[in-house]
Amino acid sequence: MAQHHWGAGYNNLWEEFILLHEISLRANRSYVFIPLVFADQTVWPMNTFMSGPTAGGPWPAGVDAPRAISSSWWETACPPSRRRSIDASQLWNQIGLDEDSDGETIVSKWAAYLKDLPDPCVQVDGRNFFSIDFWFGRPQRTIAVWPTLHKSPIMTHHAWSKAVYSAVSRNLPLLTAGKMSRENERFSHIVEGDVAPVPAPLHEYKEMSNVLALHIRRGDYEGHCWILAQSSVPYASWNVLLGLPDVYKPDPNDKMAMIPHCLPTPQQVASRVQEVTKTANLKTKLETIYLMTNANEVYLEELRVELKKVGHDKVIIQSDLELRDMEKAANMIVDMEIGTRAAVFIGNGFSTLTSTVVALRTMRGASLNTSRFW
């Protein structure tokens, strides 16, 4: 797929990888995964962040499909003389798609078209299959593909990299107040050598039953949220999955009403934490708050004070963790894995990072009532 997004944030890229791989799977073709090029133009190998089927790992038993390959191997296996190039822009309407087509329609139409092509090597140029507008503003287009996607081995056996699991495993005693340790974890990905085991299905990953994870997006969002407010956008991506308890509908007559949902103050965060924990019906006490945040020290200090007022004095941020080597490069994914396995998660409904965590929590079997928004 030559029309991947470039220069976007990690989770914008992740969303695209997952759906493009789903098309490839249904078409019985190998998905070609690429290095990640971020907004700062740094380039990272996919395996820094992911393992599992989408990053070239093996399929689980019972799945008879070609494995994904790297773009470097594609150059060897499919030199230009063997490739058939097609233009997605010209074919879009021809295969029965229009600008209102939802995710399931896009996936199924393209999968059928690619499956019927006799050529072993196909390069797709032209328009993106899933534009940024697909994920923002029209949630019905996104969630239409979820009933089939959530059953796909691409999602059930989704896996982060070895570095991510090693980091989380090492820090479990700190995160869970000694209630979990590396010794009682069974991450199938933490192995010596280069052998890539089949990742365990997400529902086998153990919950951190005493951890509340909060995603508080500051930094660029201190300006971005005001721009979003003017556009009256709904929540993004998988944050609109049916059954999630916090449904947000923008009010075009009061555009600033979304600001507390996007850019909450420390007082608003503490109040929301108190509200959510009272209604979560948890079996164990939430002893640890883990902050997934890029907030500055002034904000963090004020937040710690406000959280202590509502009974939460153990607050951990990423700098408290022990991260080694490549774990530091994948630090955002370490945060996301902690958020995925926390007993309760509260995130920013306008953020694709939150969206990825919500999707993976749903795949892990977490109650929808424990995935919340500001």
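Procedures and definitions
Residues numbered from 1 in each chain as written. Predicted model: local features only at pLDDT ≥ 70, side-chain atom pairs only at ≥ 80, totals over all residues. Heavy atoms only, no water. Helix = DSSP H or I, 4+ residues; strand = E, 2+ residues; numbered from the N terminus. Rg over C-alpha atoms; globule rule 2.2 N^0.38 Å. Buried < 20%, exposed > 50% of the residue type's maximum accessible area, 1.4 Å probe, protein only. Contact = heavy atoms within 4.5 Å. Areas by Shrake-Rupley, 256 points an atom, 1.4 Å probe, with all protein chains shown as cover. Axes fitted to C-alpha atoms, helices over the stretch in contact; angles between N-to-C directions. Parallel < 35°, antiparallel > 145°, perpendicular 65-115°, else oblique. Left-handed = near helix turned anticlockwise from the far one by under 90°. Nonpolar A, V, L, I, M, F, W, Y, C, P; charged D, E, K, R; others polar. Disulfide = S-S within 2.5 Å. Polar contact = N/O pair within 3.5 Å; in protein donor to acceptor, adjacent residues only side chain to side chain.

## A word on the overall build of the chain
Across its full length, the chain carries 16 helices and 13 strands. Against the globule reference of 21 Å for 374 residues, the chain gives a C-alpha radius of gyration of 21 Å, in line with a compact fold. Burial statistics for the chain: of 374 residues in total, 55% are counted as buried. In the chain, the proportion of contacts linking residues at least 24 apart, taken out of those at least 6 apart, comes to 77%. Counting every atom, the chain has about 16,000 Å² of accessible surface; 52% of that belongs to carbon and sulfur.

## Description of helix H15 (residues 331-341)
Of all eleven residues in H15, nine are buried; the element is thus mostly enclosed. Taken together, the buried positions of H15 are Ile333, Val334, Asp335, Met336, Glu337, Ile338, Gly339, Thr340 and Arg341.

## Structural notes on the packing of helix H9 (residues 162-175) against H15
Close contact between H9 and H15 brings their axes to 10 Å; oriented N to C, the two are set at 55°. In terms of their interaxial angle, H9 and H15 are classed as oblique. In terms of crossing hand, the pair formed by H9 and H15 is right-handed. Residue-level contacts link Val164, Tyr165, Ala167, Val168 and Leu175 of H9 to Ile333, Val334, Glu337, Ile338 and Arg341 of H15. Residues of the contact of H9 with H15, tallied by class, amount to eight nonpolar, no polar and two charged.

## So, the state of the cysteines
On inspection of all chains with the given rule, the structure shows two disulfides. Residue Cys78 pairs covalently with Cys121 via a disulfide, S to S 2.0 Å. Taking the sign of the S-S torsion, about -70° here, the bridge from Cys78 to Cys121 comes out left-handed. A residue pair is termed long-range when its members are at least 10 positions apart, and Cys78 in the loop between helix H2 (71-77) and strand S6 (83-87) and Cys121 in strand S7 (residues 121-125) qualify at 43 residues. Side by side, Cys78 and Cys121 carry an identical accessibility label, which is buried. Note on cysteine connectivity: Cys225 is disulfide-linked to Cys262, with sulfurs 2.0 Å apart. Looking down the S-S bond of the Cys225 and Cys262 bridge, the torsion is -75°, so its handedness is left-handed. Residue Cys225 is found in helix H10 (residues 221-231), and its partner Cys262 is found in helix H11 (residues 259-262); the two are separated by 37 residues along the sequence.

## Regarding the environment of Ser237
Along the chain, Ser237 turns up in the loop between H10 and H11. With a relative accessible area of 1%, Ser237 lands in the buried category. For the pair Ser237 and Val63, spaced 174 residues apart in sequence, the C-alpha to C-alpha distance is 27 Å. Setting aside residues up to four positions removed in sequence, Ser237 forms contacts with Glu15, Trp135, Thr142, Thr352 and Ser355. Within the structure, Ser237 has its side chain in polar contact with the side chain of Glu15 (distance 2.5 Å).

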